[in-house]
Amino acid sequence: MGSDELNAMAEQQLLSMGFPQDLAVEALTATGGDIVKATDWILHKDSCNFNPKSLSPSTTDEHSSPPPFQPKIDRFFQFQSKPLTPTFISTLKHTVTTKGVATREEEVEEDYEPQLTKRPKLVVESEQEKKKKPPHEPLSERMRPRTLDEVVGQDHILAPRSLLRSAIDCGRLPSLLLWGPPGTGKTSIARAIVNTCSASENNTYRFVSLSAVTSGVKDVRDAVDEARRLKKKSNKRTILFIDEVHRFNKAQQDSFLPVIEDGSVIFMGATTENPSFHLITPLLSRCRVLTLNPLKPQHIASLLRRAATDCNKGLCCSMGEMLKIEVNDECVEFLSDNCDGDARVALNALEISATTAAARSQMARGSNGELESAVITLGDVKEAMQCKHLAYDRAGDEHYNLISALHKSMRGSDADASIYWLARMLEGGEEPLYIARRLVRFASEDVGLADPSALCQAVACYQACHFIGMPECNVILAQCIAYLALAPKSISVYRALGAALKVVRESVGQNEGVPLHLRNAPTKLMKDLGYGKDYIYPPDNPNSSSQTYLPPSLQGYKFLDWPNVAANDRR
């Protein structure tokens, strides 16, 4: 690009600022074509003769001299003879408008229309427009309790004289593990602890939150290093919160041990899985485990009503127009009864219901164009919920809780309860073959010799479930469960096996060898050694009772407690 073209471009840029053409040419000549120096030269040249009152929208034209609005104008325009950019135009408009220069936006844009084929419009959001935008966070996130007093449903760990409250009052927070189902307030309680402690005197904590799903040992190490620096500098302690801590493997969990031990951080972990199975013993010994219960319907209802009436962060903010949302008791009761104690599920369903109601309200605007309040109906919440939420994990704690309930209900001969627990497992998505395998075990362990055909029924049930699968095999499982629950029970075989195993395990020294008369003798050598000698063949000697079958030290020992009746009577 030649010097003439550069000078022409610089002259065009000065004209866009509202300077007269002759003044622009003079400035460029005096400064050697440097647009920044030329602009500064013009401003200093005319600053003494400038009168702000002489400029008004009616009297100012394109040849008027601009005010000395920026002595160091290069602070805004850091370029050397570069073409115009959208950023340059936006900055120029903002600067000229805020300093009262009467140059119109239309004139600036029209002069440079050929250079900007796709120029962005200058958008300035007003506070009213910002309020119309819905927040990014879901309702369940916005409605998190800020202090422990706002937490509902966990009174057993948040009572005035509880361990947690006493520790906060004394300023001696221990390391904690919060264990409970999803949506019961584990993360909320951790954040509320920090806010409650920070609100009291001499209790200032810094909260660092990590998730075991997305973080590793390096993230933990960085957080610990920062905590140590902060503690040394300002004596401010750090609460390190790890969500889903059970997802860390053994080596990653080991990394917490030294920093908890030396007090570098106050550790708080949240888990939905049983800590006994998923967390290492050294970590459990350094933390106090607090168990959170599923929220009851009345607790969920109070949270839903709080969200419906909160004007600052509640349900009305979800629509982005501060639209009034009305929720009746029928809807609150339905959501409370069908979220299975999960507050997050209930609040998210309520927000979706409000979206449906708001859309219906917008379609039914009055002639004045104003939005009326949106009323959430029972149909809206049913559509949002789709189906009853069930807290079930095929590999988690609830999986074992339910199969235990099924087994014990059958053992207690309660067919109704047994079928109920079966329905809970099937509706939660349990594998039907797993249930069928448990029934096979139950048929021998609990029914046993009292009804030997129960085992045949259980095996047939397993084969039928394997053949046809779900959902058709659900009634087969129910039939087998009802049969086993109503069948007579006998654990004699189960106890006999247990007693025999105990004797085998607790025998002093080596277990005795098999008596010679019970050993098989397929070769001449073994016969010469006495294998099978004096063995009495029972079919040929049905009345013989002198032959023994236990080792000498266990002669007369009874393992199986079963009536000694004749074979014909047993049949």
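Residues numbered from 1 in each chain as written. Predicted model: local features only at pLDDT ≥ 70, side-chain atom pairs only at ≥ 80, totals over all residues. Heavy atoms only, no water.

Hey, could you run me through the sheet that holds strand β4 (residues 266–271) in this one?
Sheet strands pair via backbone hydrogen bonds, and the direction of the pair is either parallel or antiparallel. Strand order across the open sheet formed by 5 strands is β2-β3-β4-β1-β5, with parallel pairing between neighbours. A strand with exactly one partner marks an edge of an open sheet, and here the two such strands are β2 (205–211) and β5 (288–291). Going across the sheet, the axis of each strand differs from the next one's by a mean of 20°, ignoring polarity. Pairing of strand β1 (residues 176–179) with β4 involves 4 bridges; the strand directions are parallel. Across the sheet, residue Leu178 finds its bridge partner in β4, namely Ala270. Strands in contact with helix α11 (residues 217–234) are β2 and β3 (237–243); relative to β2, the strand with the most contacts, it is inclined by about 175°. (Pairing = 2+ DSSP bridges. Helix = DSSP H or I, 4+ residues; strand = E, 2+ residues; numbered from the N terminus. Axes fitted to C-alpha atoms, helices over the stretch in contact; angles between N-to-C directions. Contact = heavy atoms within 4.5 Å.)

Sorry if this is basic, but what is going on with the pattern of salt bridges here?
When charged atoms on two side chains of opposite charge get close, those side chains can pair. Per the counting criterion, the structure on display carries 15 salt bridges. The salt bridge partner of Glu150 is Arg146, with a shortest N-O separation of 3.4 Å. By relative accessible area, which is 23% here, Glu150 ends up partly exposed. A relative accessible area of 48% means that Arg146 is categorised as partly exposed. (Salt bridge = Lys/Arg side-chain N within 4 Å of Asp/Glu carboxyl O. Buried < 20%, exposed > 50% of the residue type's maximum accessible area, 1.4 Å probe, protein only.)

Honestly, helix α21 (residues 415–427) in this entry has me stumped. Any pointers?
Each turn of an α-helix holds 3.6 residues, which means side chains three or four residues apart point in the same direction. The first and last C-alpha atoms of α21 sit 18 Å apart over 13 residues, in line with the 18 Å expected at 1.5 Å per residue. Along α21, the residues that are buried comprise Ala415, Ser418, Leu422, Met425 and Leu426. Buried positions in α21, seen along its axis, are confined to an arc of 95° and lie on one side of it. Within α21, the exposed residues directed more than 90 degrees away from the buried face are Asp416 and Glu427. On its buried side, α21 packs onto α20 (397–411), α22 (432–447) and α24 (474–486). N-capping of α21 is provided by Asp414, with a side-chain oxygen placed 3.2 Å from the backbone N of Asp416. Gly429 occupies a position one or two residues after α21 and carries a positive phi of about 100°. (Expected span 1.5 Å × (residues − 1). Arc of directions from axis to C-beta. Polar contact = N/O pair within 3.5 Å; in protein donor to acceptor, adjacent residues only side chain to side chain.)

Sorry, what's going on with the packing of aromatic side chains here?
How two aromatic rings sit relative to each other is set out by the distance from centre to centre and by the angle between their planes. Across all of its chains, the model carries 5 aromatic pairs by this definition. Judged by centre distance (5.7 Å) and plane angle (50°), the ring pair of Phe248 and Phe256 falls under tilted. Of the residues examined, Phe248 reaches a relative accessible area of 4% and is grouped as buried. Each member of the aromatic cluster is reached from another via a ring pair, and the members are Phe248, Phe256 and Phe267. Positioned above the aromatic ring of Tyr531 is the side chain of Arg519, whose terminal nitrogen or guanidinium carbon lies 5.1 Å from the ring centre. (Phe/Tyr/Trp six-rings, centres within 6.5 Å; stacked < 30°, edge-to-face > 60°. Lys NZ or Arg CZ within 6 Å of the ring centre and 35° of its normal.)

What exactly am I supposed to notice about the side chain of Ser336 here?
With respect to the helices and strands, the residue Ser336 is situated in helix α17 (residues 329–338). Residue class for Ser336 comes out buried when judged on its relative accessible area of 6%. Polar side-chain contacts of Ser336 include one of 3.4 Å to the backbone nitrogen of Ala301. Excluding residues that lie within four positions of it along the chain, Ser336 makes contacts with Pro297, Ile300, Ala301 and Leu304.

Where do I start with the pairing of β3 in this structure?
Two faces, one strand: in a regular strand the side chains alternate between the faces of the sheet. Most of β3 sits out of view: 5 of its 7 residues are buried. For β2 and β3, the ladder comprises 7 bridges, and the chain directions are parallel. Of the residues in β3, the one forming a bridge with Ser209 is Phe241. Read from β2 through α11 to β3, the crossover connection turns out right-handed. Pairing analysis gives 5 bridges linking β3 to β4, with the strands arranged parallel. Bridging across to β4, Ile239 finds its partner in Ile266. (Right-handed = clockwise from strand over helix to strand, strands pointing away.)

Looking at this structure, how should I read the confidence of the model for the protein?
Parts of the prediction with low pLDDT should not have their coordinates interpreted in detail. Mean pLDDT over the protein: 78, with 76% of residues reaching 70 or higher. Highest mean pLDDT in the protein belongs to α24 (96); lowest belongs to helix α27 (residues 567–570) (38). Per-residue pLDDT stays below 50 along residues 92–131; that stretch engages in 36 contacts with residues further than four places along the chain or on separate chains. Across residues 565–571, where pLDDT falls below 50, the model places 2 contacts with residues more than four positions away in sequence or in other chains. (pLDDT = per-residue confidence, 0-100.)

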